[in-house]
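Residues per chain, in single letters:
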Amino acid sequence: AARRSRRSRRGGRLVAAAAAAPSSSAAGTSLRIEFKGTPPSPASLAPLLQRPRALRRRGAASTSGARPPRRASASTSSLGEDGRSYFSMGTDTLRVPFEMHRSHRQQLVESLKASAASDGASADLNGAVVLLEGGKELPVYDTDTVWDFRQESNFQWLFGVREPDCYAAIDVATGGSLLFVPRFPEEYEAWMGPRRTLEWFKETFEVDGVHYVDDMSEVLRLTFGARSLLTYHGVSRDSGRRLPAPRFDGSESFTMIKDARLWNALAECRVLKDEEEVRLLQFVNDVSSDAHVAVMRGIRPGTPEYHAEANFRHFAFLRGCARVGYHCICPSGSRCAVLHYGHAAFPNAQEVLPGEMKLHDMGAEYHGYTADVTCTFPVSGSFTAAQRVVYEAVWKATEAVERTMAPGIVYRDMHLLAERTLIECMVSEGLFVGDVDAMQEAHLMSIFMPHGLGHSLGLDVHDVGGYPPGEQRQDDPRIDQNLRCGRKLLEGMVVTVEPGFYFVDYLIRRALSDPKLACFIVPDRLEELRPVGGVRIEDDVLVTASGCRVLTRVPRTVGEIESVMAGGRWEAREQPLREYGGAGAL
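Please read these numbers as outputs of a predicted model, since none were measured by experiment. (Residues numbered from 1 in each chain as written. Predicted model: local features only at pLDDT ≥ 70, side-chain atom pairs only at ≥ 80, totals over all residues. Heavy atoms only, no water.)

Draft legend 1. Seen up close, the packing of helix α11 (residues 385-404) against helix α18 (residues 558-565). Between α11 and α18, the least distance of the axes is 11 Å, while the angle of their chain directions is 120 degrees. Between α11 and α18, the angle is such that the two are oblique. Residue-level contacts link Arg388, Tyr391 and Glu392 of α11 to Val558, Ile561 and Glu562 of α18. When its residues are assigned to classes, the contact of α11 with α18 shows three nonpolar, no polar and three charged. (Axes fitted to C-alpha atoms, helices over the stretch in contact; angles between N-to-C directions. Helix = DSSP H or I, 4+ residues; strand = E, 2+ residues; numbered from the N terminus. Parallel < 35°, antiparallel > 145°, perpendicular 65-115°, else oblique. Contact = heavy atoms within 4.5 Å. Nonpolar A, V, L, I, M, F, W, Y, C, P; charged D, E, K, R; others polar.)

Below, the structure written as structure tokens:
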């Protein structure tokens, strides 16, 4: 997208006015968090909304024209010194230009037009306007507090707006964009902070116009001549849920286009990351990598598992990552075989014992984009013989996949490659016996790796685009697990590579009671390796023109891990990115 240079105006508190070069060191960080005063939904203004109705009316009238809302100081302008609008959390973080989202909107419009032309349905889009509803700030059950707000991912990809309760529209014909924001009464300023002006929103988010939500129906008709509204209509392949259709005053006067074209277009646009998105994902990977290393060094026997979660969140927030992309998974010992440990019922609360393995699956989030990184390591700092066997098998599977990945490679085949590598390693180590092909056909690895190899990554940890439009998780008779990504890889995709090997009690009982599986397992060797619990290695990987680049920079080999646990130096930005040329194991 073409850059636009504009003079600085007074505005809210979104980004630093001075450039801040990204760094990976958490030491000595002086953090300026400049995104303050985020407007909440009316639901979170319970004390205000309980005031007399006449007072609320006077406040609303004041907002609509009697007195302009007070602006924040010019020292917290949303513009950088180059005249561009940025999101940033301050020193030692990353500046993200909002022109990235402007480019995304143009990309979506072009995709919709191209799809309509190829289907002979261009006439259907005449006068059509894409309408999106942003995330809402929700109360905690029947209380006057609210859940931690996170923007809806499609809205974030297209606009980068952090405020809740907004709507947005894009004219398919022209690519013009409008943002609609809540109108707050005057008393908002006492409870929540200055009310940002419409001009502030327009300048910051680089849209063509900003209006209040309660004017949306009229503005859509007068500005865009909208007759029909193209809405997000599709079912998530991961959750099986769909977003409700947008509703607003006057929405019944528009024709709602409820088909999959917007859903498919957004998924296919989001699956390919542009240069700024790759920078974002590299940043959250570097933050996560450094936080993982700091947590590894701080592990001590006799402490609760949640110390790891607390420390990871602490180190990530020091670098501006206020959120994690998913709940922190921090098991130890036999609990390393529980794939999504760390939830409310099992909240990383057990004591870490000497000699155990630790598995940490945690990823920092910034501007909505998340890393997804897993490290497994010995609490003592040194691998036992059994721990080394399992860990090195998983590492060999990781390397085999990453050396093979390239555009055109089908990710289902990478899952099978990981399985085969693990089987071959365990045959060499005496756990399995028999024909490798026969083991794979019997789905033996679904016992010891009961999950798919990986998934798309971006604004969601299980991001969209794992399968192309028209395909679901295909019933591939070669794969027994839930594989979230099964398509041909494309340049610009970011996926996780996360093979694992686990000793899950009920699955082992099932295998040993099934003659078709038990014949491949050596029971005595199984008991020797079983105390390891489980090992997973997870990298975030960018598909390049000729292969792939690993964005994650944590110690991976046994030697690297033992060195770091003994106090050896490791800083993500000092480590070279692993890059591979593709087709290495085929």
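There is more to say after this.
Draft legend 2. Main features of the packing of helix α3 (residues 99-119) against helix α8 (residues 261-271). With their axes 10 Å apart at the nearest point, α3 and α8 run at an angle of 125 degrees to one another. Between α3 and α8, the interaxial angle falls into the category oblique. Where α3 crosses over α8, the two elements pack in a sense that is right-handed. Between α3, through Gln107, Leu108, Ser111 and Leu112, and α8, the contact on the second element is made entirely by Arg261, Leu262, Ala265, Leu266 and Cys269. Classifying every residue of the contact of α3 with α8 by side-chain character gives six nonpolar, two polar and one charged. (Left-handed = near helix turned anticlockwise from the far one by under 90°.)

Draft legend 3. Examining the packing of aromatic side chains more closely. Taken as a whole, this structure holds 17 aromatic pairs when the rule is applied. Between Tyr167 and Phe248, the ring centres sit 6.4 Å apart and the planes meet at 70 degrees, which makes this aromatic pair edge-to-face. Linking Tyr167 in strand β4 (residues 167-171) with Phe248 in the loop between β7 (228-230) and β8 (255-257), this pair joins segments that are 81 residues apart in sequence. One exposure class covers both Tyr167 and Phe248, and it is buried. Between Phe448 and Phe503, the aromatic rings sit 6.2 Å apart at their centres with planes inclined by 80 degrees, giving edge-to-face as the arrangement. (Phe/Tyr/Trp six-rings, centres within 6.5 Å; stacked < 30°, edge-to-face > 60°. Buried < 20%, exposed > 50% of the residue type's maximum accessible area, 1.4 Å probe, protein only.)

Draft legend 4. Representation of helix α12 (residues 411-428) within the structure. End to end, α12 covers 26 Å across 18 residues, agreeing with the expected 26 Å (1.5 Å per residue, within 8%). Gly430 occupies a position one or two residues after α12 and carries a positive phi of about 85 degrees. (Expected span 1.5 Å × (residues − 1).)

Draft legend 5. Highlighting the side chain of Ser228. Summarising the element assignment, Ser228 is placed in strand β7. Sequence-distant contacts of Ser228, defined by excluding residues within four places in its chain, comprise Asn126, Gly127, Ala128, Val129, Thr255 and Ile257.

Draft legend 6. Quick look at a nonpolar patch on the surface. A cluster of nonpolar side chains, Leu138, Tyr141 and Trp147, forms an exposed patch at the surface whose accessible area comes to about 400 Å². As for its placement among the helices and strands, Leu138 is situated in the loop between β3 (128-133) and α4 (153-159). Judged by relative accessible area, which is 48%, Leu138 ranks as partly exposed. (Patch = residues over 30% accessible without salt bridge, like charges linked within 9 Å, V, L, I, M, F, W, Y side chains within 5 Å. Areas by Shrake-Rupley, 256 points an atom, 1.4 Å probe, with all protein chains shown as cover. Salt bridge = Lys/Arg side-chain N within 4 Å of Asp/Glu carboxyl O.)

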